[in-house]
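Geometric and topological summary
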Amino acid sequence: MEGLILTAEQLRTEVEYFLKQDAFSWDTETMDGPLPDTRGVPTQNRVVWLSMATHGRTIVIPMGHPNGDVLLQKAHTKNKIVYPLVYDAPPEQMRPSQVFAILEPLFFNPDITKIAHNATFDLITVEKYFDRIPIGPNSDSIVLQWLLDENVGELGWGFNQRPKGKGLKELTRFYFGVDYDKEEVGRCIEKHAFSKVARYALLDAKYTWLLWKQFDGRCLGEDLWAIRELEEQTTDVCCQMGLIGAPVDVQALRELEKELSLKLEILEADVYKAAGKIFNMNSPKQKQEVLFGPKSDGCQGLVPVKMTKGGKLKAQRKAEPTIYDYSTDQEALEPFEGNQVVDALTAYAEVAKLQSTYVQGYLGVDGDPKKPSRIFNGRIHTDLVQYGTLTGRFSSRTPNLQNIPAPRSELGKKVRGLFRAPKGYKFLVADYAQMELRILASMIGFGGLYDGFHAGVDAHTQTASLVYSVTIEDVKKWQRDAAKTLNFAIVYGAQNKKVAQTLGITVEEADVLLANHRKAFPEIYAFRDQIMELARSRGSITGRVRIPYISTIMGRKRRVWEVLYDVAQREAPRLPWYNPRRHASAVRSVLARGERQVFNSLVQGSLGDIIKLAMIRMNRILSEDALKNPGREIYMVLSVHDELVIQCPEDRVEEGKKFLLEAMSGAEVQDLLNVPLAMTLDSIAVVDRWSDAKE
DNA sequence: CAATAGAGCGCT
DNA sequence: AAAGCGCTCTATTG
């Protein structure tokens, strides 16, 4: 087969050719490493194939594929044809150690761009062979695609004119009309014949290359040069953090698992006792029956108010609601506090959530291959997904380390406290305070928020002072709390009802608050209108299609077609999934939602830019520092939107703090804003457990 | 048995 | 009619 590399001599010749290029794409096919179920775990898996493509050349290197080709295609039994998988012996292949030794000059050449689709996975995967992560420039076709169209895979305008997802196969199908993997070979390569996997791996690299070439050109044409640079360096950060992982106290975790399972048995019994029957308390449906069913049937006969999402839709259609249309979530049950079943269910739910999602989610459940342990050598390696959101923030998965319970409740504190610095180390925890408001104030460039930040006043206190017309010193706690809600309402676009609900006040009272806020901060509302007009002016779905968008502080785009609602309405026949005449109010809410998304994305997305920049800077500082302090390295271990956690040798805490401060608020970051970041060394917490950082 | 939808809930 | 996420569980559907 053309491009199949079986010997060192062949590979050296290829490397010579690739070294003369300015870029190449590559991909790995992996199997389980020494531990079971680790094919998809980049720190633990094993590379079996590596493919590469560049101008005029595509190659594929096997290194331990277990099968040859199929000897027998078909066999007949009594009355049907069967396909026994009988394989020939595979050809002799190189060992990974030999392959990677020869590839080293290529993957560590700073003048050659290395391209992969979801590069973090492949980069961490090969780290175990190179003993370090391949150096940049590392580019990722999935990231470029996302910068060009973050809405791929989302329902909405143009769904059918876009790829169905960000995956390599979906993009190849869409852009080249080629479907080269109908059998999903990559899901389990060891089940397939040698030649089939060879072809598959080769095409992965080839189409990654072809897609990247296309995206690369389009990024220039769409003014995405700067943000692309940021994202390419972010890839290196994701690799470094994914590789090091976050340290957890495994022993405490095991103990907590036992403690909670005992607790749950009791709480479960409490529910049954109060309800007088046995049912599945994890099932919303069964909870609806028990709580809202008639007393005559031995149920509680509670009269619910809050509907589920589905229930509301049904009500819109003017259908008669049933008990199954009413919510059983925490908020819906609040009015019934005191009912023994409700109270027992509430107590159970909190513990059950934490046990299943966090404790068992990390430890895994013995004998259940769907719930593997996420802990390797006392560390959890999350996958920080740089392309995981519509706004530019990170998402985090397998497991998600961005939704660890905050230390508000005792139990939440315990769970967050499982993240613990290793012996001899401390966690240093830094976050940006009120960063979204700072960004907003900076963009407006004047007004109450802007003045407050320049005067060094806490933003919520400043808001309260202006809304309630009292001096900064006279702001009461309840006023600051209300102001905080108002500030959230601005950033998220909440209306009077939501503000009322959050603060536990009437809608009329909320109206007064919002009116006062508008009076005190007219520039915010004017700015909002301005942004909306700008976004709208960039869009058109008549004639040449241009989706409205906003640009963040670093030039990231968020496209929101919904803000062209009135145009869409006129063009309704082109948009088959809604009928504006029948759903006028629904369409209006689509527009309103689009406007909230536009405004929120401007701020949330800019914060995403800034935290990524800070992490790139920190990574640079720490990489350099590591060379000077072998064995005493500092590592970034967690990142939660506006918060950064590092693990730092105990005797280097002061250095670590300085590094964090410089990375997060140094000139390069501060210069993006015209309000002060106001970060200080003192605001960086030095703790053993993550839960001790916030009170 | 596997995939999917909905409800619900953890976080910033 | 509050932005952005991912995970677990149940119930339904293929």
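The rules behind these values
- Residues numbered from 1 in each chain as written.
- Chains lettered and ligands numbered in written order.
- Predicted model: local features only at pLDDT ≥ 70, side-chain atom pairs only at ≥ 80, totals over all residues.
- Heavy atoms only, no water.
- Salt bridge = Lys/Arg side-chain N within 4 Å of Asp/Glu carboxyl O.
- Helix = DSSP H or I, 4+ residues; strand = E, 2+ residues; numbered from the N terminus.
- Buried < 20%, exposed > 50% of the residue type's maximum accessible area, 1.4 Å probe, protein only.
- Axes fitted to C-alpha atoms, helices over the stretch in contact; angles between N-to-C directions.
- Parallel < 35°, antiparallel > 145°, perpendicular 65-115°, else oblique.
- Contact = heavy atoms within 4.5 Å.
- Nonpolar A, V, L, I, M, F, W, Y, C, P; charged D, E, K, R; others polar.
- Phe/Tyr/Trp six-rings, centres within 6.5 Å; stacked < 30°, edge-to-face > 60°.
- Lys NZ or Arg CZ within 6 Å of the ring centre and 35° of its normal.
- Near = heavy atom within 4 Å.
- Polar contact = N/O pair within 3.5 Å; in protein donor to acceptor, adjacent residues only side chain to side chain.
- Pairing = 2+ DSSP bridges.
- Left-handed = near helix turned anticlockwise from the far one by under 90°.

Let's shift gears to the pattern of salt bridges. Following the criterion strictly, the structure yields 31 salt bridges and no others. One salt bridge connects Arg228 with Glu232, and the closest N-O pair in it is separated by 2.8 Å. Of the two residues, Arg228 and Glu232 both sit in helix H7 (residues 225–244), 4 residues apart, roughly one turn of that helix. Classification of Arg228 by relative accessible area gives buried; the value is 12%. Among the salt bridges present, the one from Arg652 reaches Glu655, with a minimum N-O distance of 2.9 Å. Looking at Glu655, the relative accessible area reads 32%, which means it is partly exposed.

This part is about the packing of helix H14 (residues 435–444) against helix H20 (residues 522–537). In a pair of packed helices, the angle between the axes and the distance between the axes together describe the arrangement. Where H14 meets H20, the axes come as close as 10 Å, and the angle between the chain directions of the two elements is 80 degrees. Between H14 and H20, the angle falls in the class roughly perpendicular. Between H14 and H20, the contacting residues are Leu440, Met443 and Ile444 on the first element and Glu523, Ile524 and Phe527 on the second. Looking at the contact of H14 with H20, its residues break down into 5 nonpolar, no polar and 1 charged.

So, on to the packing of aromatic side chains. As enumerated under the stated definition, the model contains 22 aromatic pairs in all. When the ring of Tyr17 is compared with that of Phe18, the centres are 6.2 Å apart and the planes differ by 80 degrees; the resulting orientation is edge-to-face. Of the residues examined, Phe18 reaches a relative accessible area of 0% and is grouped as buried. Members of the aromatic cluster, joined through ring pairs, are Tyr17, Phe18, Phe24, Trp26, Phe100, Phe107, Phe108, Tyr129 and Phe130. Lying over the aromatic face of Tyr324, Lys285 brings its terminal NZ or CZ to 5.7 Å of the ring centre. Between the NZ or CZ atom of Lys557 and the centre of the ring of Tyr549, over which it lies, the distance is 4.6 Å.

In this section: the protein's contact with DNA strand B. Surrounding DNA strand B, one finds 23 residues, the nearest of these being Thr328, Asp329, Ile404, Ala406 and Asp642. At a separation of 3.2 Å, a phosphate oxygen of DNA strand B approaches a polar side-chain atom of Thr308. Elements with a contribution of two residues or more to the surface near DNA strand B: helix H10 (309–316) and helix H12 (340–363).

Before going further, it helps to spend a moment on the pairing of strand S16 (residues 635–639). Among the 5 residues of S16, 4 are classified as buried, and the element is accordingly described as predominantly covered. The pairing of S16 with strand S17 (residues 643–649) spans 4 bridges and is classified as antiparallel. By the bridge assignment for S17, Ser639 is matched with Leu644. Following S16, the chain reverses through 3 residues before pairing antiparallel with S17; His641 in that reversal takes a positive phi of roughly 65 degrees.

Moving on, we get to the pairing of strand S3 (residues 57–62). The buried fraction of S3 amounts to 5 of the 6 residues, a majority that puts the element mostly inside the structure. Taken together, the 6 bridges between strand S2 (residues 46–54) and S3 define a ladder with antiparallel strand orientation. Pairing of Ser51 across the sheet is with Val60, part of S3.

One way to put it is that helix H3 (residues 119–130) packs onto H7 with a least axis distance of 9 Å and a crossing angle of 50 degrees. With respect to H7, the axis of H3 lies oblique. Considering only the axes of H3 and H7, their crossing is right-handed. Across the interface between the two elements, Ala119, Thr120, Leu123, Ile124 and Glu127 of H3 pack against Thr235, Cys238, Cys239, Gly242 and Leu243 of H7. Of the residues contributing to the contact of H3 with H7, the split by class is 6 nonpolar, 3 polar and 1 charged.

Looking now at the protein's contact with DNA strand C. If you check the shell around DNA strand C, you find 35 residues, and the closest are Asn280, Ser283, Thr398, Lys498 and Thr502. Considering DNA strand C, the proportion of its atoms within 4 Å of the protein that are sugar or phosphate atoms stands at 71%. One nitrogen or oxygen atom from the side chain of Lys371 is found 3.3 Å from a phosphate oxygen belonging to DNA strand C. Taking Arg596, its side chain carries an N or O atom lying 2.9 Å from a phosphate oxygen of DNA strand C. Counting only elements with at least two residues in the surface near DNA strand C, the list comes to helix H9 (284–292), H12, strand S12 (395–397), helix H18 (496–503) and helix H22 (584–628). Top contributing element to the surface near DNA strand C by residue count: H22, with 6 residues. The residue makeup of the surface near DNA strand C, split by class, is 4 nonpolar, 22 polar and 9 charged.

Judged by pairing direction, the sheet is antiparallel, and its 3 strands sit side by side in the order S8-S10-S9 without closing on themselves. Each having just a single partner strand, strand S8 (246–247) and strand S9 (375–376) make up the two edges of the open sheet. Examined bridge by bridge, S8 and strand S10 (residues 379–380) share 2 bridges and lie antiparallel to one another. Looking at the pairing, Ala246 lines up with Ile380 of S10.

Moving on, we come to the sheet that holds strand S1 (residues 23–31). If you trace the 5 strands from one edge of the open sheet to the other, you get S3-S2-S1-S6-S7, paired in mixed fashion. Looking at which strands have only one partner, the edges of the open sheet turn out to be S3 and strand S7 (138–140). Between one strand and the next, the sheet's axes are offset by a mean angle of 25 degrees, whatever the strand orientation. Note: S1 against S2, 7 bridges, orientation antiparallel. Looking across to S2, one finds that Trp26 is bridged to Met52. Relative to the sheet, helix H2 (residues 96–107) contacts S1, S2, S3 and strand S6 (113–116), its axis offset from that of S2 by approximately 35 degrees.

Limitation: the analysis is restricted to geometry and does not speak to function.
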